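Chain by chain, the residues run as shown.
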Amino acid sequence: MEIPDPERRRLAETEAKAKHWRRWGPYLSERQWGTVREDYSADGDAWNYVSFEMSSAYTYRWGEDGLGGISDNHQRLCFAPALWNGRDPILKERLFGLTNPQGNHGEDVKEYYWYLDSTPTHSYMKMLYRYPQAEFPYRRLLAENARRTRRQREFELIDTGVLEGSRFFDLEVEYAKADVDDVLIRFTVTNRGPEAAELWLLPTLWFRNDWSWVEDSVKPALRLEPGGVRALHPTLGERVLAWEGDPELLFTENESNQQKLYGRPNASPRVKDAFHRYLIGGERDAVGREQGTKFACSYHWTLEAGASRTVRLRLTDQREQLRIEPEAIDDVFQQRREEADRFYETLEPAQLPEDCRRIQRQAF
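Please read all numbers here as calculations on a predicted model, not as lab measurements.

K.L.:
Provide a residue-level description of the overall build of the chain, including the pertinent values.
P.N.:
Within the chain, the regular secondary structure consists of eight helices and 17 strands. Based on the C-alpha atoms only, the size of the chain along its principal axes is roughly 60 × 55 × 45 Å. For the chain, buried positions account for 53% of its 364 residues. Summed over all atoms, the accessible surface of the chain reaches about 17100 Å², with 47% contributed by carbon and sulfur. Taking the average place of the 52 positive charges on the side chains of the chain and the average place of its 62 negative ones, the gap between the two points comes to 2 Å.

This is the structure we're talking about:
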């Protein structure tokens with residue numbers, strides 16, 4: 001029987017195991033550090049075994065994290081954006097927060113982000129991340145929340161003053177599936193502040209490291225080819241990431257920085273935090289240019305007050321889809337949004353006010 005609603009048709013195909021529409025989705029953790037998932041301590045101190053300060057250099061075993069990222073359902077290949085405002089001491093690759101002992105009310109993320117939309121098959125997804133243009137106040141957030149008692153309210157990012165005058169970037173992250181293994185990506189960055197501001201955007205593709213833990217495992221690879229980067233994995237197969245524009249291309253390995261973490265020499269200068277070391281630390285030899293297990297294409301802009309820039313990418317199993325055609329990609333996004341509207345309209349009571357409809361949809 002023909003199902004007229006496209007999203008319901010995708011759900012039916014998924015349930016019948018005819019098409020694997022849920023293979024790709026928002027399966028990256030918001031925070032992998034400071035959790036029992038990555039705790040190998042002798043005393044069970046999960047809060048401190050892998051801290052936020054370690055997370056940029058420490059290779060996780062059981063999961064990965066990122067800002068508004070996606071992965072396949074077994075989290076073998078991961079994708080997420082990273083940011084740098086030219087002032088922060090670290091590359092913004094994951095959410096910052098407090099562990100249970102650090103917060104006066106327990107663990108808490110000290111960032112602003114909103115998941116705005118998603119269909120059940122993740123055929124369309126949208127989120128918003130707000131990034132200050134001033135240096136991110138990591139130390140102040142830690143110190144002030146440590147000083148406060150449980151009877152006092154929490155000290156939040158907005159309380160630091162870094163967002164005053166709307167001096168921040170809004171990063172709008174959107175994904176739309178042209179097919180099961182053909183994921184379109186669109187990032188739109190807007191300068192909300194009153195003055196021009198500098199920003200680096202680094203769409204990043206990487207493999208979760210399982211080769212370091214399993215004997216005789218086959219190490220995957222990301223390789224630069226004409227038109228994109230080819231991802232080769234022993235069980236996932238092949239995928240290609242293509243992008244628009246002419247960004248700087250950076251490669252490294254998703255391997256722990258032993259020197260930074262434990263004072264032991266690294267087998268190779270290509271380690272997990274290489275993009276931070278290259279961009280912020282100026283270490284030219286930290287990155288490669290042709291292959292690795294972690295890749296980023298780095299866009300560098302100066303955005304005038306109120307200006308926006310959009311970048312489109314494509315993660316696909318189709319070799320013929322390597323070219324980025326902005327209008328064609330935008331057409332798919334428009335179609336998937338309309339299909340999402342159609343799907344949610346069937347779930348909303350007719351008498352529900354519009355603002356309540358939006359709240360219900362975002363909750364779903």
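K.L.:
Describe empty space enclosed by the protein, naming the residues involved and giving the relevant values.
P.N.:
Taken as a whole and judged by the stated rule, the model has one cavity of 30 Å³ or more. Reported here for the largest cavity is a volume of approximately 110 Å³. In terms of lining, the largest cavity is formed by 13 residues, of which the most central are Asp-65, Glu-93, Arg-94, Trp-206 and Lys-294. The set of elements that each furnish at least two residues to the lining of the largest cavity consists of β3 (77–84) and β10 (197–207). The biggest single contributor to the lining of the largest cavity is β3, with three residues.

K.L.:
Can you break down helix α1 (residues 6–15) residue by residue, with the values?
P.N.:
Each full turn of the α-helix corresponds to 3.6 residues, which orients residues three or four apart in the same direction. Taken as a whole, α1 has its buried residues at Pro-6, Glu-7, Arg-10, Leu-11 and Thr-14. The arc that holds every buried residue of α1, seen down its axis, measures 145°, which confines them to one face. Those residues of α1 that are buried are in contact with α7 (326–345). Of the residues that open α1, the one with a side-chain oxygen 3.0 Å from the backbone nitrogen of Glu-7 is Asp-5.

K.L.:
Report on the sheet that holds strand β9 (residues 182–191), specifying residues and quantitative values.
P.N.:
Across a sheet, paired strands are connected by hydrogen bonds in the backbone, their directions being either parallel or antiparallel. Here nine strands make up an open sheet; going across it, the order is β6-β7-β8-β9-β17-β13-β12-β11-β15 and the pairing antiparallel. The sheet is open, and its two edges are formed by β6 (112–118) and β15 (291–292), each paired on a single side. α7 contacts β6, β7 (124–132), β8 (168–179), β9 and β17 (308–316) of the sheet and is inclined by roughly 85° relative to β8.

K.L.:
Provide a residue-level description of the pairing of β17, including the pertinent values.
P.N.:
Pairing of β9 with β17, which is carried by nine bridges, proceeds in the antiparallel orientation. Directly across from Ile-185, in β17, lies its bridge partner Leu-313. Where strand β13 (residues 237–243) meets β17, four bridges bridge the pair, whose relative direction is antiparallel. Of the residues in β17, the one forming a bridge with Trp-243 is Leu-313.

K.L.:
Would you mind going over the sheet that holds β10 in detail, with residue names and values included?
P.N.:
Ordered by their spatial adjacency, six strands build an open sheet running β1-β2-β3-β10-β16-β14, and the pairing between neighbours is antiparallel. The open sheet has two free edges, formed respectively by β1 (24–25) and β14 (248–252), since each of these has just one partner strand.

K.L.:
Please provide a residue-by-residue account of the packing of aromatic side chains, values included.
P.N.:
Scanning the entire structure with this criterion turns up 21 aromatic pairs. Members of the aromatic cluster, each reached through a chain of ring pairs, are Trp-33, Phe-52, Phe-96, Phe-136 and Tyr-138. Over the aromatic face of Trp-21 sits the side chain of Arg-10, whose NZ or CZ is 5.6 Å from the ring centroid. The ring centre of Trp-33 lies 4.6 Å from the NZ or CZ of Arg-31, which sits over that ring.

Parameters at a glance
Residues numbered from 1 in each chain as written. Predicted model: local features only at pLDDT ≥ 70, side-chain atom pairs only at ≥ 80, totals over all residues. Heavy atoms only, no water. Helix = DSSP H or I, 4+ residues; strand = E, 2+ residues; numbered from the N terminus. Buried < 20%, exposed > 50% of the residue type's maximum accessible area, 1.4 Å probe, protein only. Areas by Shrake-Rupley, 256 points an atom, 1.4 Å probe, with all protein chains shown as cover. Lys, Arg positive; Asp, Glu negative; His and termini not counted. Charge placed at Lys NZ, Arg CZ, Asp CG, Glu CD. 1 Å grid on protein atoms, 1.4 Å probe; cavity = no way out; pocket = protein on both sides within 12 Å on 5 of 7 lines; lining within 4 Å. Points joined across faces, edges and corners; volume = space filled by probe spheres on them. Arc of directions from axis to C-beta. Contact = heavy atoms within 4.5 Å. Polar contact = N/O pair within 3.5 Å; in protein donor to acceptor, adjacent residues only side chain to side chain. Pairing = 2+ DSSP bridges. Axes fitted to C-alpha atoms, helices over the stretch in contact; angles between N-to-C directions. Phe/Tyr/Trp six-rings, centres within 6.5 Å; stacked < 30°, edge-to-face > 60°. Lys NZ or Arg CZ within 6 Å of the ring centre and 35° of its normal.

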